[in-house]
Structure formats: structure tokens, C-alpha cells
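These are the residues of each chain, in order.
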Amino acid sequence: NAGVMQNPRHLVRRRGQEARLRCSPMKGHSHVYWYRQLPEEGLKFMVYLQKENIIDESGMPKERFSAEFPKEGPSILRIQQVVRGDSAAYFCASSPPGRGSYNEQFFGPGTRLTVL
Amino acid sequence: ELKVEQNPLFLSMQEGKNYTIYCNYSTTSDRLYWYRQDPGKSLESLFVLLSNGAVKQEGRLMASLDTKARLSTLHITAAVHDLSATYFCAVGGIQGAQKLVFGQGTRLTINP
């Protein structure tokens with residue numbers, strides 16, 4: 001029973017390049033969440049998606065960041081024109097469908113992005 | 001804006017001692033989660049607390065929730081070195097939203 005999968009686990013980009021982070025939710029889960037963790041800090045919510053829909057993007061920076069969760073395939077968090085301040089660990093979590101209010105979120109191993 | 005505050009942020013203790021980590025939050029919620037994170041690793045779910053007065057225990061860890069006081073505690077009994085990690089509380093269900101709002105984390109170091 002595979003858990004939440006993320007790839008790559010480590011990603012190095014130079015300033016101005018694009019970063020694409022992928023997340024495959026647990027089997028049977030249709031809700032995906034992205035969080036960012038800066039060094040020595042807690043996780044900060046970025047976006048909540050269901051298949052083909054963005055439900056809550058209140059934590060997404062207004063520029064350069066986008067997310068999608070297509071009907072087929074993993075969820076993707078895309079960061080355009082990366083800057084050094086984007087260096088962080090990006091965690092994806094998933095939860096099952098149904099009555100969502102109490103659905104526990106299960107976290108993936110994270111992608112550690114380093115911007116040179 | 002919801003604030004979730006943990007204290008202490010750093011805790012160094014000896015094996016065999018007891019201690020409590022506190023998690024205060026600023027708005028009404030009936031969902032409180034505790035996670036453990038080891039360095040460079042992901043988050044491991046420890047407890048899900050869904051109602052006022054909820055108490056859950058697993059091994060040397062016990063978590064409780066007081067929704068009226070907007071306070072959760074994580075109590076460590078007779079600490080052992082393996083419990084060294086960073087512990088996060090997270091609050092969910094604010095105004096029906098699914099997102100979790102995390103505290104800053106408590107870095108726990110247990111010395112032999």
C-alpha cells in the first residue's frame with residue numbers, strides 16, 4: 001500500500017529556471033494539498049486541489065507559482081523563474097474523498113528545492 | 001488570521017523525565033493534529049483530536065484537546081532518546097476549510 005509519492009526528492013535549479021514538483025496521492029485519495037517548509041519553520045499551506053479543480057489557493061504566491069491536478073497523472077506544483085527565496089522543502093499531502101471535514105492528511109517525503 | 005503557537009520551541013531534557021508541549025490557537029476549531037518530523041524527513045502523524053476533551057495515548061506520548069481554551073498538549077512520559085525529533089501541532093477545519101495551519105514546531109532533544 002504505497003503512500004504519497006513525490007519526485008524528485010531533491011531538485012537544484014539556477015535562478016530564473018523553472019521547477020516542476022510532482023505528487024502522486026495515496027491510492028483511493030482524490031484530495032491533494034501542497035505545503036512549503038522554510039528552514040527551521042513550520043509548514044505553510046499553499047494550495048488544495050481535487051481532480052481538475054483548484055479548491056483553495058489562498059496560500060499560493062500571486063506570481064510564478066501554479067498548481068494542477070489533472071484527471072490522469074500526478075499533481076504538479078510549478079515554479080517559474082525561481083529565486084533563492086524559493087529554496088525550501090515542498091510537501092504534498094493527500095486525503096480520501098467523501099465527507100472531507102475530518103479527513104486526515106497523509107504526507108509525502110517532500111521535495112527539497114535548492115536555488116543557486 | 002489564525003495563529004497557532006507552540007511552546008517551548010526548543011526543549012532539551014534527560015531520559016526518564018516528563019514534559020509537556022503546549023499548542024495554543026487563536027480561533028475556533030474542533031480538529032487538532034500532532035505530527036512528528038525527524039531531520040530531513042517527512043511528517044509522521046501521531047494523533048488526531050476531534051472533540052473537546054479528547055485524549056489519546058500511544059506509548060510514552062499522550063495528547064489532549066481543550067477546544068474552549070483553544071489549547072492542546074502533548075505530554076511525554078519517561079522520555080527516551082528515540083523520541084528526539086521536532087513535533088508540530090496543526091489546526092484544521094477553520095471556517096470549513098481543509099487546509100492545516102501549523103505551529104512553529106518544538107525541537108525536542110533527549111539526552112542519555
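These figures come from a predicted structure and were not determined experimentally. (Residues numbered from 1 in each chain as written. Chains lettered and ligands numbered in written order. Predicted model: local features only at pLDDT ≥ 70, side-chain atom pairs only at ≥ 80, totals over all residues. Heavy atoms only, no water.)

### Thoughts on the interface of chain B and chain A
Turning to step 1, where the next piece is worked out: Across the boundary between the two partners, chain B contributes 21 residues, which contact 22 residues of chain A.
Turning to step 2, where the next piece is worked out: Carbon and sulfur atoms supply 50% of the area buried between chain B and chain A, which totals about 1,700 Å² over both sides.
Turning to step 3, where the next piece is worked out: By the criterion of area lost to chain A, the three top residues of chain B are B:Gln98, B:Lys99 and B:Phe102, representing 31% of everything that side buries.
Turning to step 4, where the next piece is worked out: Between the two partners, chain B and chain A, sit one salt bridge.
Turning to step 5, where the next piece is worked out: As a salt-bridge pair, B:Arg107 and A:Glu40 come within 2.2 Å of each other at their nearest N and O atoms.
Turning to step 6, where the next piece is worked out: Residue assignment for the side of chain B that touches chain A shows that the elements contributing at least two residues are β4 (31–37) and β5 (43–49) of chain B.
Turning to step 7, where the next piece is worked out: Broken down by element, the residue count for the side of chain B that touches chain A peaks at four residues, all from β4(B).
Turning to step 8, where the next piece is worked out: Considering only residue class, the side of chain B that touches chain A consists of nine nonpolar, seven polar and five charged. (Contact = heavy atoms within 4.5 Å. Buried area = accessible area lost by both parts, 1.4 Å probe. Salt bridge = Lys/Arg side-chain N within 4 Å of Asp/Glu carboxyl O. Helix = DSSP H or I, 4+ residues; strand = E, 2+ residues; numbered from the N terminus. Nonpolar A, V, L, I, M, F, W, Y, C, P; charged D, E, K, R; others polar.)

### Comments concerning the pairing of strand β5 (residues 43–50) of chain A
All names here are of chain A.
Turning to step 1, where the next piece is worked out: Counting buried positions along β5 yields six of eight residues, so the element is predominantly enclosed.
Turning to step 2, where the next piece is worked out: Pairing geometry for strand β4 (residues 31–37) and β5, over seven bridges, is antiparallel. Across the sheet, Tyr33 pairs through a bridge with Tyr48, a residue of β5.
Turning to step 3, where the next piece is worked out: With antiparallel pairing between neighbouring strands as the criterion, β4 and β5 make up a hairpin whose turn holds five residues, including Glu40 at a positive phi of roughly 65°.
Turning to step 4, where the next piece is worked out: Pairing of β5 with strand β6 (residues 53–56), which is carried by three bridges, proceeds in the antiparallel orientation. For Leu49, the partnering residue across the bridge sits in β6 and is Ile54.
Turning to step 5, where the next piece is worked out: Hairpin geometry of β5 and β6 is characterised by an intervening segment of two residues between the two adjacent antiparallel strands and by a positive phi of about 65° at Glu52. (Buried < 20%, exposed > 50% of the residue type's maximum accessible area, 1.4 Å probe, protein only. Pairing = 2+ DSSP bridges.)

### Describing the packing of aromatic side chains
All names here are of chain A.
Turning to step 1, where the next piece is worked out: Under the counting rule described, the total for this entry stands at nine aromatic pairs over all chains.
Turning to step 2, where the next piece is worked out: Look at Tyr35 and Phe45: their rings are 5.8 Å apart centre to centre, the planes differ by 70°, and that puts the pair in the edge-to-face class. Separated by 10 residues along the polypeptide, Tyr35 in strand β4 and Phe45 in strand β5 bring together distant segments of the chain.
Turning to step 3, where the next piece is worked out: Phe45 sits in the buried class, given a relative accessible area of 10%. (Phe/Tyr/Trp six-rings, centres within 6.5 Å; stacked < 30°, edge-to-face > 60°.)

### Regarding unusual backbone geometry
Trans is the common state for peptide bonds, and a negative phi is the common state for residues other than glycine.
Turning to step 1, where the next piece is worked out: Along the chain, A:Asn7 connects to A:Pro8 via a cis peptide bond; the corresponding omega equals -5°.
Turning to step 2, where the next piece is worked out: Position of A:Pro8 among the secondary structure elements: in the loop between β1 (5–7) and β2 (10–13).
Turning to step 3, where the next piece is worked out: Omega for the bond connecting B:Asn7 with B:Pro8 falls within 30 degrees of zero, at 0°, which places this linkage in the cis form.
Turning to step 4, where the next piece is worked out: Residue position: B:Pro8 is located in the loop between β1 (4–7) and β2 (10–14).
Turning to step 5, where the next piece is worked out: Despite not being glycine, A:Gln81 shows a phi value in the positive range, around 45°.
Turning to step 6, where the next piece is worked out: Looking at the secondary structure, you find A:Gln81 in the loop between β8 (75–79) and β9 (88–95).
Turning to step 7, where the next piece is worked out: The phi torsion at B:Ala78 lies on the positive side, around 50°, for a residue other than glycine.
Turning to step 8, where the next piece is worked out: Examined against the element boundaries, B:Ala78 turns out to sit in the loop between β8 (71–76) and β9 (85–92).

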